[in-house]
Amino acid sequence: MIRLVEAIRHFRKIRGAKDKDRLGHVFDTMAAMGSKRYDETRDKYLADPQYVELVRSSPSLSDQIADLDSLQQMDEGSFGRAMYEYLSSSGFNHDKFQAAYQTTGLQSGEDELLRAYDCRERDLHDVIHVLFGYGRTRFGEIATISTHYWQGGASGYGAITFIG
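One structure accompanies this document, and this report is about it.

**Some thoughts on the overall build of the protein**
Alright, step 1. Of the regular secondary structure elements, the protein holds 11 helices and 0 strands.
Alright, step 2. When the helices and strands of the protein are listed from N to C terminus, the series reads α-α-α-α-α-α-α-α-α-α-α.
Alright, step 3. Taking 15 Å as the expected radius of gyration for a compact globule of 164 residues, we find that the protein reaches 16 Å, a close match to that expectation.
Alright, step 4. With the C-alpha coordinates of the protein rotated into their principal frame, the extents come out at 50 × 35 × 25 Å.
Alright, step 5. Looking at the protein as a whole, 43% of its 164 residues are labelled buried.

This is the structure:
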């Protein structure tokens, strides 16, 4: 219950926050709920050698999302091109997003594989937006966060869905 109260406290700051601070409050809300559910899902996936190979592959999902020039060159109607259109139309700045994420303590410590998994999960947020056609409206964000939660994401996703 204490975690939920703490998450609500952080969540209440989201609406009144300046754009540059809003993402940090979202990550703080997630961190307040702890990572037990997320850790269990991660451990299950990382027990599969094929999934480990995917997580360690290069370029990573983060690298691919950050390379807007490459995404722009993708064929019309392709997922890569849809990703480019989504990211460029929303004014998304991947570097700012990564910086905000790293300051929250949500990313695993020194283990390279765990950090790579965390980054992949973080970047799946925008992939879910594009795959399901969820916009950047409040409904679109809640739908994306709910989808991520039901796929085994952190309890913080569930809290944001419930509170939001």
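So that's the structure; there's more coming.
**A word on the packing of aromatic side chains**
Alright, step 1. Inspection of the entire model under this criterion finds 5 aromatic pairs.
Alright, step 2. An aromatic cluster of three or more residues is present, and its members are Tyr-38, Tyr-45, Tyr-51 and Tyr-117.
Alright, step 3. Looking at Arg-37, its charged tip hangs above the ring of Tyr-149, at a distance of 3.9 Å from the centre.
Alright, step 4. For Lys-44, the ring lying beneath its charged end belongs to Tyr-45, and the centroid distance is 5.5 Å.

**Topic: the packing of helix α4 (residues 49–56) against helix α9 (residues 112–132)**
Two measures define how a pair of helices packs: the angle their axes make with one another and the distance between the axes.
Alright, step 1. Relative to each other, α4 and α9 sit at 75 degrees, their axes nearing to 9 Å. On the basis of the axis angle, α4 is roughly perpendicular to α9. Contacts from Tyr-51, Val-52, Leu-54, Val-55 and Arg-56 in α4 reach Leu-113, Ala-116, Tyr-117, Arg-120 and Glu-121 in α9.
Alright, step 2. Of the residues that constitute the contact of α4 with α9, the class distribution is 7 nonpolar, no polar and 3 charged.

Conventions we followed
Residues numbered from 1 in each chain as written. Predicted model: local features only at pLDDT ≥ 70, side-chain atom pairs only at ≥ 80, totals over all residues. Heavy atoms only, no water. Helix = DSSP H or I, 4+ residues; strand = E, 2+ residues; numbered from the N terminus. Rg over C-alpha atoms; globule rule 2.2 N^0.38 Å. Buried < 20%, exposed > 50% of the residue type's maximum accessible area, 1.4 Å probe, protein only. Phe/Tyr/Trp six-rings, centres within 6.5 Å; stacked < 30°, edge-to-face > 60°. Lys NZ or Arg CZ within 6 Å of the ring centre and 35° of its normal. Axes fitted to C-alpha atoms, helices over the stretch in contact; angles between N-to-C directions. Parallel < 35°, antiparallel > 145°, perpendicular 65-115°, else oblique. Contact = heavy atoms within 4.5 Å. Nonpolar A, V, L, I, M, F, W, Y, C, P; charged D, E, K, R; others polar.

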